[in-house]
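The lines below spell out each chain.
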Amino acid sequence: MGKGMGCGSPQTLPYTTGTTTAQNFSCWKKCNSLNSFHCSWSPLGPAGNTSYSLNLCWQHKGCSQFDAHKMTNYKLPHHKLYILNNVVAWVEASWEGHVHRTPNITFVFNEAEKPDPPPSRVPFSKTDGQLRLRVPRPQCPGMDQPAEREARSWRAGDSGWTQVECMTVMVKDEDDSVNCTLKGNGTFVVQLRQKTWSSYWSDWSSNISVPEEILESPVLSHQLEKLGRHGQRVLRLSWQPVLKGQSDVNYTLHAHMPACGCAELDEEDVVVLGWEVREHNLTLSGAEYEILLRAVNAAGPGPASQLHVPAEQHRDLSFKDVSVAGSTVTAQWEAPIPGEAYCFEQQVLAEAPQQSVCIQEEFPAKSIHVEKGALGAPACYRLAVHGWDPEQGWATFALWHHYANDGSLAVPIDISSGDAGVVLQWKPSPRAACPGVLAKYLICHMAERDNMTYSEADATAVNYTLQNLQPGTAYRVGVWEVTKDSEGTCSAWKKFQTKALGPHGAVWRANLKYLGISLSVPVMAAIYHLTKKRARHLLFPPLPKPVGTNAIQFSASEKGQGQTWIGLLEPSERFNPAELLLTELNPSKETTDTTTQTDVPRPSVPQPNVSQPNVSQPSVPQSNVPQPNVPQPSLVMEKPAEVLVVCPPGCEEEMTFAYRRQEMLSPVGFPPPGSTSCTGHPHGKKEEEEEEEEGRQELCQPLIPIALLISNKSIIIGDQEGWNPLQEKSVP
């Protein structure tokens, strides 16, 4: 409670330690109050043990002292103050016999105004280091100029507060916009203060926590389904989080439909998702959409991930009726479900979407509506109707495309001609870019005085090849567009001529002929190789081999009238007369039937004088030696004797290839050693066995090898005991 101290200048009180400069000592009047006066100062002594007194002195008015006890601020009673006069003020502090005093300050209470500090709960945002705050204007009279504001910031790791410059912009009928520059990124603690042009600085505000700025956008992925029969499609979104580990981050998802200008309904398509959400599904109509996904925290939204969803073009959602008269189109549609708003979309397909009029009125299901529009320059127009329902959202009710152009359907073409074909090329038709308008291309061509030939190409084709044309012939060709409304007529109007065959063509054909002839040679060889075995059996059947014959001795006189016979095949070896081939009877069997023997006189053939020097003849009894010109009995029998052919030692090496190729057969029942067949053939010679089987009958018969070679040498065939067929007599 203050008390009066008389008049005049303030008295100088004794003190032991002198004057202390008190920072932040001030007295003021609050801007928003007429009777609220305050003084405040910094501590001058030990906290909790220092007593303070506030002294005020007016000229010609006396002085007053107010006991503030241990507080460092004091609210003055206005009825004890002279607010229109100058006043001198100071503060004294005392503790344990010590007295300290602040320097004097002089002011007028009515003019010493001080605004309140800015509130701590103010909206703010931070982008690129710029902190933007919306601060209420100080409630002080005469605020024609913006208030001045300061900020100080502190970040984890800093040693103290950092003074920050700020700029204030007055906005009419709104809070002031304050922009402060914060250096670096991270979480900041910010305090504000403010003053007018004639006031003191306000106290610092409470702490304003500014979180870390979001500098990246969510990584967005999507999957879009086709438009269904109900005029809706599902967009599946998923994304990666930003600022991992911070739970103060939310996500805002905004779906904007540019074709419809329903702003109020568009705001309802904003979805706020929590920090733990990583995916979301949106139900969209068939219109074009712009999807924006942002991460948001207290510092504000980060950069957006943008997704463009194109309009559906190929779904068949027909109008009830569409008519075009000149440049006016009239479309009639039926509402499949009830709704509260709709818009009629009329767009040029290749241009930016134009916002249509949003009609916000309720309509029942199955209601019929008629819309009219204007068609401008030749282009592809998209007509669609989209309706909105509070429960189901937007859906497409009807969709149709129309190409506004009455020009010719003939397509300009370029022709690249050859001798037997041409290539037609053309630029893509504008109708091909209009969904569902162009059905196909019709190509027609004909030669002079010939019938027209038609062919087709897809609506996306840009070239076509005509084949099987006559060289050196004049043709006409035409390419025409076939739309869903046209009849598909075609006329050949452009002329061209195929190239005539030149010498190169004749040479090419001759080369092809020679190539065919050269290829036929190996083909014929292959056919011959495959059929030679069969042909050999058919054309050259195997000859029968001698079986059961009687060998006789040919004397030199029987070979001719004094002529030396030249063998058909001269042997390469020279036989030793002592090592002649011998034919032996099988001792196990004897001939019993000799009654059919007949004596046949031998022809009288002179015996040539053949000298055999240095060759010893085998000893043969004289009675058994046949004489020339003496008839000998025939050895032909009904049942031939079985004989065994014995080769003298060393003859296998001396015999020629023709001899060695003869089969050496044993009589019936005596197969040669090492053989299991009745013929005694080696198992490896399959081809010879097949030929022998064809010449044989069911029973195996002994075959006598052809051991006789036409030669000028006498050949004697006998057995091991010296048997001679000329000496054999009939057995009684």
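Computed from a predicted structure; not experimentally measured.

**Quick notes on the overall build of the protein chain**
Moving on, step 1. Along the backbone of the protein chain there are five helices and 42 strands.
Moving on, step 2. Across the 732 residues that make up the protein chain, the buried fraction comes to 37%.
Moving on, step 3. Of all intrachain contacts in the protein chain linking residues separated by at least 6 positions in sequence, the fraction that spans at least 24 positions is 68%.
Moving on, step 4. Looking at the protein chain as shown, the accessible area adds up to about 43800 Å², and 53% of this sits on carbon and sulfur atoms.

**Structural notes on the confidence of the model for the protein chain**
Moving on, step 1. Across the protein chain, pLDDT averages 74, with 67% of residues at or above 70.
Moving on, step 2. The weakest mean pLDDT in the protein chain belongs to strand β1 (residues 2-6) at 41; the strongest belongs to strand β20 (residues 233-240) at 94.
Moving on, step 3. Segment residues 559-570: pLDDT under 50, and 18 contacts once partners within four positions in sequence are set aside and those in other chains are kept.
Moving on, step 4. A low-confidence stretch, residues 577-646 stays under pLDDT 50, and its non-local contacts, those more than four residues away or across chains, total 110 contacts.

**A word on the pattern of salt bridges**
Moving on, step 1. Within the structure shown, the criterion is met by 13 salt bridges.
Moving on, step 2. A salt bridge links K320 to E334; its shortest N-O distance comes to 3.7 Å. Of the two residues, K320 sits in the loop between β26 (305-309) and β27 (321-325) while E334 sits in strand β28 (residues 328-334), which places them 14 residues apart along the sequence.
Moving on, step 3. With relative accessibility at 29%, the residue E334 sits in the partly exposed group.
Moving on, step 4. If you follow the salt bridges from partner to partner, you end up with R137, R149 and D176 in one network.

**Points about the sheet that holds strand β29 (residues 341-348)**
Moving on, step 1. Here we have four strands laid out as an open sheet, ordered β30-β29-β32-β33, and antiparallel in their pairing. Of all strands in the sheet, those bounded by a partner on one side alone are β30 (358-359) and β33 (393-403).
Moving on, step 2. Sheet analysis places strand β32 (residues 380-389) next to β33, joined by 10 bridges and oriented antiparallel. The partner of V385 across the bridge, within β33, is A398.

**A word on the environment of E362**
Moving on, step 1. Tracing the sequence through the fold places E362 in the loop between β30 and β31 (368-374).
Moving on, step 2. Residue E362 is classed as exposed on the basis of its relative accessible area, which comes to 65%.
Moving on, step 3. Expressed as a C-alpha distance, the spacing of E362 and D389, which sit 27 residues apart in the sequence, is 9.3 Å.
Moving on, step 4. If sequence neighbours within four positions are ignored, E362 has contacts with G339 and E340.

**With respect to the sheet that holds strand β23 (residues 279-284)**
Each strand in a sheet pairs with another by means of backbone hydrogen bonds, the pair being arranged parallel or else antiparallel.
Moving on, step 1. Read from one edge to the other, the open sheet built from three strands follows the order β19-β20-β23, with strand pairing classed as antiparallel. Unpaired on one side and paired on the other, β19 (219-224) and β23 mark the two borders of the sheet. Averaged over all adjacent pairs, the angle separating strand axes in this sheet is 25°, with direction ignored.
Moving on, step 2. Sheet topology places β20 next to β23; six bridges connect them, and they run antiparallel. Residue pairing across strands places L237 opposite H280, the latter belonging to β23.

**Describing the pairing of strand β8 (residues 98-101)**
Moving on, step 1. Across four bridges, the pairing between strand β7 (residues 86-95) and β8 is antiparallel. When the bridges of β8 are listed, E92 appears paired with R101.
Moving on, step 2. Count of turn residues in the β7/β8 antiparallel hairpin: two residues, of which E96 carries a positive phi of about 50°.

**Things to note about the state of the cysteines**
Moving on, step 1. Applying the stated rule across the entire model yields eight disulfides.
Moving on, step 2. For C262, the disulfide goes to C358, at an S-S distance of 1.6 Å. Residues C262 and C358 are joined by a disulfide whose S-S torsion is about 100°; by sign, that bridge is right-handed. Taken together, the residues span a long stretch of sequence, with C262 in the loop between β21 (250-256) and α1 (263-267) and C358 in strand β30 at a distance of 96 residues. Summarising the burial analysis for this pair, C262 and C358 share the class buried.

**As for the packing of aromatic side chains**
Moving on, step 1. Taken as a whole and assessed by the stated rule, the structure comprises 14 aromatic pairs.
Moving on, step 2. Seen in terms of ring centroids, Y475 and F496 are 5.6 Å apart; in terms of plane orientation they differ by 15°. Their pairing is stacked. Taken together, the residues span a long stretch of sequence, with Y475 in strand β39 (residues 474-483) and F496 in strand β40 (residues 494-497) at a distance of 21 residues.
Moving on, step 3. A relative accessible area of 7% means that Y475 is categorised as buried.
Moving on, step 4. Taken together through their ring pairs, the aromatic side chains of W333, Y342, F363 and F397 make up a single cluster.
Moving on, step 5. R152 extends its terminal NZ or CZ atom over the ring of W161, reaching a point 4.7 Å from the ring centre.

**Some points on the nonpolar core**
Moving on, step 1. Among the nonpolar cores identified, the biggest contains 29 residues, and L235, L237, Y251, L282, Y289, I291 and W394 are the most heavily contacted of them.
Moving on, step 2. Among the secondary structure elements, those contributing two or more residues to this core are β20, β21, β23, β24 (289-297), β26 and β29.
Moving on, step 3. Counting residues per element, this core draws most heavily on β24, which supplies four residues.

**Considering the environment of Q232**
Moving on, step 1. The residue Q232 is located in the loop between β19 and β20 in this model.
Moving on, step 2. Note: C-alpha distance between Q232 and Q392 (160 residues apart in sequence) is 9.3 Å.
Moving on, step 3. Apart from residues no more than four positions distant in its own chain, Q232 is found in contact with K226, L227, T283, L284, Q392, G393, W394 and A395.
Moving on, step 4. Looking at Q232, its side chain comes within polar contact range of the main-chain oxygen of Q392, at 2.9 Å.
Moving on, step 5. From its side chain, Q232 meets the backbone oxygen of W394 in a polar contact 3.0 Å long.

**Some thoughts on the pairing of β33**
Moving on, step 1. In terms of burial, β33 is a largely internal element, 11 of the 11 residues being buried.
Moving on, step 2. The hairpin formed by β32 and β33 contains three residues between the paired strands.

Conventions and cut-offs
- Sequence order sets the numbering: in each chain, residues are counted from 1 along the sequence as written.
- pLDDT decides what is reported in this predicted model: residues at 70 or higher carry local features, side-chain atom pairs at 80 or more are listed and counted, and totals for whole chains, interfaces and linings draw on all residues regardless.
- Side-chain measures were taken over the full set of non-hydrogen atoms in the model, leaving aside hydrogen atoms and water.
- Secondary structure elements are defined from DSSP: runs of H or I of at least 4 residues count as helices, runs of E of at least 2 residues count as strands, and each element is numbered from the N terminus.
- Accessibility here uses a 1.4 Å probe with only protein chains present; expressed as a share of the type maximum, an area under 20% marks a residue as buried, one over 50% as exposed, and anything in between as partly exposed.
- Every residue pair with non-hydrogen atoms within 4.5 Å of one another is taken to be in contact.
- All accessible-area figures derive from a Shrake-Rupley calculation using a 1.4 Å probe, and residue coverage is judged against the displayed protein chains alone.
- Values of pLDDT, the confidence the predictor places in each residue, fall between 0 and 100.
- Put simply, a salt bridge is a Lys or Arg side-chain nitrogen that is within 4 Å of an Asp or Glu carboxyl oxygen.
- Only strands joined by at least two bridges in the DSSP assignment are considered to pair.
- Note on geometry: axes are C-alpha line fits, over the in-contact stretch for helices, and angles between N-to-C directions span 0 to 180 degrees.
- Cysteine sulfur pairs qualify as disulfides if the two atoms are within 2.5 Å.
- Pairing of aromatic rings covers Phe, Tyr and Trp, the last counted by its six-membered ring, and requires centre-to-centre distances within 6.5 Å; plane angles under 30 degrees mean stacked, over 60 mean edge-to-face, and any other angle means tilted.
- To sit over a ring, a charge needs its Lys NZ or Arg CZ within 6 Å of the ring centre and within 35 degrees of the ring normal.
- We define the nonpolar core as a collection of buried residues of types Ala, Val, Leu, Ile, Met, Phe, Trp, Tyr and Cys that are connected through side-chain atoms lying within 4.5 Å of one another.
- Pairs of N or O atoms are called polar contacts if they sit within 3.5 Å, as long as, within protein, a hydrogen donor faces a hydrogen acceptor (for residues adjacent in sequence, only side-chain-to-side-chain pairs).

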